[in-house]
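Observations on chain architecture
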Amino acid sequence: MKLAVLSDIHANYRALEAVLRDAAAAGAEAYLALGDHVTDGPYPRRTLERLYALEREAPTFLLRGNREEYMLDHRAGKGGSWLPGTESGSLHYTYSQLLPADLDRFAGWSSVLPVDLGNGARLLAVHGSPENSRERLLPFDGATHRYLEACPYPALLCGHSHQAFLYPYQGTLLANPGSVGLSAMGSPEARYALMTYEAGYWQCSLRAVPYDVEALVEDIRQCGLDQSAAVWTRCVVATLRTGINQIIPTGNLAYKLAQERGTGGTWMDIPQACWEEAARRLQVPPIGP
Ligand SMILES: [Fe+2]
């Protein structure tokens, strides 16, 4: 059984299609998507519909990421207000596109899922870590080692960091397939992993698949995300084009600037002017015409 492992699609339907074509050509028979299927990109519903279709076509396991949790929290009235024209405009856009049935599905998913493909092919799939969907698992880290020592299966699959890697530790393989839709591996290709289970061991290969990034940028313009979440989307587009995460450094600097001005409690509360100043100082390029 060949398993394709996808994570952090972030509503990048074009990257998802490219990855699914590559996986099908490589003989994938089952699919695992580790969460953060939506937000940031222009196609939340198309992305979800493709995943639902995948469930009908092949054995498919879908997890909930922290971004799906944000959507559920918003439905429950938690987490503050989201407004177009600010940095929460991206979340507002995604939420406005979703159907109640999508949110019901999110509620039914977990961010930790044991997967059993038969004949001993078992693994533990998580979005962040086995305890927290927002925790990043990294190699050579004490917390990671504790999770791997406690893992009852021969492999632990995680996403969330957008960093693809393989890390075998004391007989357990930790693998992060990277991000399909918002890769941070230094080049713009979509990332995913192919896994096979043979003679008691998982083999895993990390794959990089090119897709039409500029067509996606045009989709972002068409849906208005460049207007409704201006600086955030500028950082997203710069990340899509380079494979270098420009969202986190810009957000961190904007947060620091807001603190210096005595404003801002979370990233959602950072004044727009601080985001703009941070993007200017870090030379985040404009999206372009
Ligand atoms: Fe995430």
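Quick look at the overall build of the protein
- For the protein, the count of helices and strands is 11 helices and 10 strands.
- Scaling as 2.2 N^0.38, a compact globule of 289 residues should have a C-alpha radius of gyration of about 19 Å, and the protein matches this with 19 Å.
- Principal axes of the C-alpha set define a box for the protein whose edges measure 60 × 40 × 35 Å.
- Residues classed as buried in the protein amount to 55% of the 289 residues present.
- Residue pairs in contact within the protein that sit at least 24 positions apart in sequence constitute 66% of those at least 6 positions apart.

Remarks on the coordination of the iron ion
- Ligation of the iron ion by protein atoms is provided by D36 (OD), N66 (OD1), H127 (NE2) and H160 (ND1), these donors lying 2.1 to 2.3 Å from the ion.
- Its four donor atoms give the iron ion angles of 80 to 170° at the centre, a pattern that matches the irregular case.
- Taken in chain order, the donor set of the iron ion reads D-x29-N-x60-H-x32-H. Placement of the pair is H127 in the loop between β5 (122–126) and α6 (142–150) and H160 in the loop between β6 (155–157) and β7 (164–169), with a sequence separation of 33 residues.

Description of the nonpolar core
- Judged by nonpolar contacts, the single largest core of 61 residues is most densely connected at A4, L6, Y31, F106, Y192 and L240.
- Sort the elements by how many residues they give to this core and helix α9 (residues 230–242) lands first, with seven residues.
- Summarising the domain contributions, this core has at least three residues from each of domain 1 (2–209) and domain 2 (225–281).
- Those residues in contact with Y192, other than ones at most four positions away along the chain, are A4, V5, L6, V19, D22, A23, P177, S205, L206, R207 and V209.
- In terms of nonpolar packing, the next biggest core, distinct from the first, is built from 19 residues, A30, L32, V115 and L117 among them.

Some thoughts on the domain arrangement of the protein
- Domain annotation of the protein identifies domain 1 (2–209) and domain 2 (225–281).
- Taking only C-alpha atoms into account, the centre of domain 1 sits 24 Å from that of domain 2.
- On the side of domain 2, 19 residues touch domain 1, which itself brings 24 residues to the contact.
- Summing both partners gives a buried area of about 1,500 Å² for domain 1 against domain 2, and 61% of it is carried by carbon and sulfur.
- Three residues stand out in domain 1 for area buried against domain 2, namely D40, E87 and L182, and they jointly supply 40% of the buried area on that side.
- Where domain 1 touches domain 2, the interface holds zero salt bridges.

Section: the pairing of strand β4 (residues 112–116)
- In this sheet, β5 lies alongside β4 in antiparallel orientation, the contact comprising five bridges. For V115, the partnering residue across the bridge sits in β5 and is L123.
- Taking the residues that link successive antiparallel strands as the turn, the β4-β5 hairpin has five residues, and the phi of G118 there is positive, at about 90°.

Considering empty space enclosed by the protein
- Following the criterion strictly, the structure yields two cavities of 30 Å³ or more and no others.
- Considering only enclosed or pocket space, the largest cavity measures out at about 40 Å³ in volume.
- Considering the residues around the largest cavity, the lining is formed by H10, N12, D40, G41, G181, L182, L216, V236 and L240.
- Split by residue class, the lining of the largest cavity holds four nonpolar, four polar and one charged.

Topic: the pairing of strand β8 (residues 172–177)
- The buried fraction of β8 amounts to six of the six residues, a majority that puts the element mostly inside the structure.
- The side-chain alternation of β8 yields two buried faces, one formed by T172, L174 and N176 and the other by L173, A175 and P177.
- Where β6 meets β8, three bridges bridge the pair, whose relative direction is parallel. Within β8, the residue paired with L157 across the bridge is A175.

Side note on helix α4 (residues 89–97)
- Within α4, the full set of buried residues consists of G89, S90, L91, Y93 and T94.
- Summarising the contacts, the buried residues of α4 are in contact with α2 (44–57), α3 (66–75), α7 (213–223), α8 (225–228) and α9.

Some thoughts on the sheet that holds strand β1 (residues 2–6)
- Here five strands make up an open sheet; going across it, the order is β3-β2-β1-β9-β10 and the pairing mixed. Looking at strand neighbours, the two that pair on one side only are β3 (60–62) and β10 (201–209), the edges of this open sheet. Between one strand axis and the next, the sheet turns by 20° as a mean value, whatever way the strands run.
- Here strand β2 (residues 30–33) runs beside β3; their pairing, made up of three bridges, is parallel. Looking across to β3, one finds that L32 is bridged to F61.
- The strands touched by helix α1 (residues 13–25) within the sheet are β1, β2, β9 (190–198) and β10, with β9 carrying the most contacts at an inclination of about 30°.

Procedures and definitions
Residues numbered from 1 in each chain as written. Predicted model: local features only at pLDDT ≥ 70, side-chain atom pairs only at ≥ 80, totals over all residues. Heavy atoms only, no water. Helix = DSSP H or I, 4+ residues; strand = E, 2+ residues; numbered from the N terminus. Rg over C-alpha atoms; globule rule 2.2 N^0.38 Å. Buried < 20%, exposed > 50% of the residue type's maximum accessible area, 1.4 Å probe, protein only. Contact = heavy atoms within 4.5 Å. Donors = N, O, S within 2.8 Å, 3.2 Å for Na, K, Ca; no water. Tetrahedral: all angles 85-135°; square planar, octahedral: opposite > 155°, others 65-115°. Core = buried A, V, L, I, M, F, W, Y, C linked by side-chain atoms within 4.5 Å. Domains from an automatic or database assignment. Buried area = accessible area lost by both parts, 1.4 Å probe. Salt bridge = Lys/Arg side-chain N within 4 Å of Asp/Glu carboxyl O. Pairing = 2+ DSSP bridges. 1 Å grid on protein atoms, 1.4 Å probe; cavity = no way out; pocket = protein on both sides within 12 Å on 5 of 7 lines; lining within 4 Å. Points joined across faces, edges and corners; volume = space filled by probe spheres on them. Nonpolar A, V, L, I, M, F, W, Y, C, P; charged D, E, K, R; others polar. Axes fitted to C-alpha atoms, helices over the stretch in contact; angles between N-to-C directions.

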